[in-house]
Amino acid sequence: MTVLVALPVLLPLAAAGLSLALGRFADVQRILGLLVLGVIIADAAVLLYASDEFGPVVLQMGGWPAPFGITLIADRLSSLLLLVSSVVTFAVLIYSIGQRITDYGRERSSTTFHPMYLMLCAGVSLAYLTGDLFNLFVAFEIMLSSSYVLITRRTTSARVRAGMTYTIVSLASSLLFITMIALVYASTGTVNLADLGTKVAELPRGLQIALALLVVIVFGVKAAMVPLHFWLPDSYPTAPAPVTAVFAGLLTKVGIYALIRTQTLVFSHAETWDLMLGIALITMIVGALGALAQNDLNRLLSFLLVSHIGYMLFGLGVYNVVGLTGVILYVVHHITVQATLFLVSGLITRHSGTVALTRMGGMAKVAPLIAVLFALPALSLAGVPPFSGFVAKLALLQAGIGSGTITGYAVTAGAVLTSLLSLYAMARVWTRVFWGQVKAPAPDPDPTDELVVGTASSSRPMLAATGVLVVSSLVIALVAGPLGAVAGRAAGDLVHGEIYRTAVLGDGSGG
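Residues numbered from 1 in each chain as written. Predicted model: local features only at pLDDT ≥ 70, side-chain atom pairs only at ≥ 80, totals over all residues. Heavy atoms only, no water.

### Structural notes on the pattern of salt bridges
Note the cut-off: Salt bridges are defined by distance alone: a side-chain nitrogen of Lys or Arg within 4 Å of a carboxyl oxygen of Asp or Glu. Strands here mean DSSP runs of E at least two residues long; helices mean DSSP runs of H or I at least four residues long; both are numbered from the N terminus. In this scheme, a residue with accessible area under 20% of its type's maximum is buried, one over 50% is exposed, and one in between is partly exposed, where area comes from a 1.4 Å probe on protein chains only.
Tallied over the full model, the rule gives seven salt bridges. A salt bridge links Arg489 to Asp52; the shortest N-O distance between them is 2.9 Å. Residue Arg489 is found in helix H19 (residues 480-495), and its partner Asp52 is found in helix H2 (residues 26-54); the two are separated by 437 residues along the sequence. Residue Arg489 is classed as partly exposed on the basis of its relative accessible area, which comes to 35%. Salt-bridge contacts for Arg501 lead to Glu498; the nearest nitrogen and oxygen are separated by 3.0 Å. Taken together, the residues span about one helical turn, with Arg501 and Glu498 both in helix H20 (residues 498-505) at a distance of three residues. Sharing partners across several salt bridges, the network here consists of Asp52, Arg76, Arg489 and Asp493.

Spelled out as structure tokens, the structure:
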């Protein structure tokens, strides 16, 4: 069973090298990528079952015991997020393959896309499964290097500049990250997360607070929380739809995961975390207002992405089992829905030839299926019952009201307001894009780049992949009871970290 913990990292890494070597064989690349991601989905499902029934599954790499060696661990939280993320990456890969074949033909291969995509998947898996800070840093660097290649493939100089914004900010946060690791190691003598849970508690209170705030800043940049979000709306909208979808669905959530893991396992909070609640409220409101000011569809969705990061910070700020349960449910919901909306945006752009809302119209008449594919995740994002967004938001609102603090009540009110603003933003997109007079597609502004738009057509694999994610979000709502129970148990593990520490360290004493 412990071998299964390494497969989500090792398989895509090995497949990336093989895919690069077989770059001239397009179908082999495609089949290899789908096969590997399919295996990871099955592997994640087994790990989720095992961790939920029997406790965390731990692999000590090379036989070195913790905290001296490299630890990979799959508990309820990491296994659940790994499963959801793998389903999303699988669906996005199908969409990408369908788009590639439609635009360039079946025989034309892509030397870089498939290897880099698999590398990105390996980085995401490692981030979820690693048990130490340094390999968490390695995971973020794997994601950064592969995502930079993906965001700048066959594109314009303007998009390269936007990609450089993403890269420079990511490198700056990586510099802070490695500095934070050095300070933590200098203070405690370890980077193992389970061992840090006991070692950090022995440090002076002022040093604990300083390290905790540095961790918040490092992962706050990765998660795009306000005011560290400025890079995201300028970077994500420039990439092709499949790349933007997987970025929006996964990369910021990995930052949220890292924030949750460190702030529960390493840095304890005995009561409601008012600072995080304040950041959550600002993030929700600023992101929603930014979305309402946009005429670019992708930038609007990017600002909504920032806004809904605030909901996840909200549950972390409440800092109890109910709040963390809401966070887990919201992350699961948001990974699926946000990726879906960016894929639908790609379908819309292919028909309209533009991302400007004012230049679209009447698409419900010419592409009713795309209208349905947009409406369902849009309603879920806004938190309309009975969709998955409503289930997750309800848990967070219950946590906020149950906190019994003025700050908790204020953020709860802000969450309700943000839901209404999100609904208004989605309604605005609907009326501009799908209602009104049908407008002729705009010509492709740059036929030489990776984005092919204005074709007024979408292939069946692209529609099917998007449909799979729409159905996945509906399934999340249908299984809200069992899923909420698993999320509740995972939240209990986070609040009471001894299960994680004992699984990694054995007797919990550390080194």
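So that's the structure; there's more coming.
### With respect to the packing of aromatic side chains
Here is the rule we go by: Pairing of aromatic rings covers Phe, Tyr and the six-membered ring of Trp, with a centre-to-centre limit of 6.5 Å; geometry is then stacked below 30 degrees between planes, edge-to-face above 60, and tilted otherwise.
Applying the stated criterion to the full structure yields 12 aromatic pairs. Judged by centre distance (4.7 Å) and plane angle (35°), the rings of Trp430 and Phe434 are tilted. Classification of Phe434 as buried rests on a relative accessible area of 1%. Three or more aromatic residues link up through ring pairs in this structure, and these residues are Phe134, Phe137, Phe140, Phe177 and Phe219.

### Structural notes on unusual backbone geometry
Val226 connects to Pro227 through a cis peptide bond whose omega is 10°. By the secondary structure assignment, Pro227 is in the loop between helix H8 (205-223) and helix H9 (232-235). Omega for the bond connecting Pro385 with Pro386 falls within 30 degrees of zero, at 5°, which places this linkage in the cis form. Mapped onto the secondary structure, Pro386 falls in the loop between helix H15 (368-382) and helix H16 (388-402). Its identity as a non-glycine residue notwithstanding, Ala224 has a phi of 65°, on the positive side. Of note, Tyr319 is a non-glycine position whose phi angle comes to about 55°, a positive value. Mapped onto the elements of the fold, Tyr319 is located in the loop between helix H12 (297-318) and helix H13 (321-352). Residue class for Tyr319 comes out buried when judged on its relative accessible area of 11%.

### Re the pairing of strand S2 (residues 71-74)
Along any regular strand, the residues point their side chains to alternate faces of the sheet. The condition is simple: Here, any two strands with at least 2 DSSP bridges between them count as paired.
Both faces of S2 are covered, namely the face carrying Thr71 and Ile73 and the face carrying Leu72 and Ala74. Bridging between strand S1 (residues 57-60) and S2 involves four bridges; their strand directions are antiparallel. Each residue of the ladder has a partner; that of Val58, found in S2, is Ile73.

### Thoughts on the packing of H8 against helix H10 (residues 241-265)
To be explicit about the condition: Note on method: axes are straight lines fitted to C-alpha atoms, helices fitted across the in-contact stretch only, with angles between N-to-C directions ranging 0 to 180 degrees. If an angle is under 35 degrees, it is roughly parallel; if it is over 145, roughly antiparallel; if it lies from 65 to 115, roughly perpendicular; otherwise it is oblique. When the near helix sits turned anticlockwise from the far one by under a right angle, the crossing is termed left-handed; a clockwise turn instead gives a right-handed crossing. We call two residues in contact whenever any of their non-hydrogen atoms come within 4.5 Å of each other. Classification convention: Asp, Glu, Lys, Arg as charged; Ala, Val, Leu, Ile, Met, Phe, Trp, Tyr, Cys, Pro as nonpolar; all other residues, Gly among them, as polar.
Here H8 crosses H10 at 165°, and the two axes come no closer than 7 Å. Of the possible angle classes, the one that applies to H8 and H10 is roughly antiparallel. Judged by the sense of rotation from one axis to the other, the crossing of H8 with H10 is left-handed. In this structure, H8 uses Ala212, Val215, Val216, Phe219, Lys222 and Ala223 to contact H10, whose residues at the interface are Leu251, Thr252, Gly255, Ile256, Ala258, Leu259, Thr262 and Gln263. Residue composition of the contact of H8 with H10, by class: nine nonpolar, four polar and one charged.

### So, the nonpolar core
Basically, it comes down to this: The nonpolar core is taken to be a set of buried Ala, Val, Leu, Ile, Met, Phe, Trp, Tyr and Cys residues, with the residues joined through side-chain atoms within 4.5 Å.
In terms of nonpolar packing, the biggest core is built from 169 residues, with Tyr128, Phe177, Phe219, Tyr236, Phe247, Leu313 and Ile348 touching the most fellow members. Ranked by residues supplied to this core, first place goes to H13 with 16 residues. The contacts of Phe177, once residues within four sequence positions are left out, are Leu133, Leu136, Phe137, Phe140, Val218 and Phe219.

### Quick word on the side chain of Asn135
Looking at the secondary structure, you find Asn135 in helix H5 (residues 133-151). Overall, the relative accessible area of 15% leaves Asn135 in the buried class. In this structure, Asn135 is in contact with Ile70, Leu126 and Thr130, ignoring residues within four places of it in sequence.

As far as function goes, none of this settles anything; it's purely spatial.
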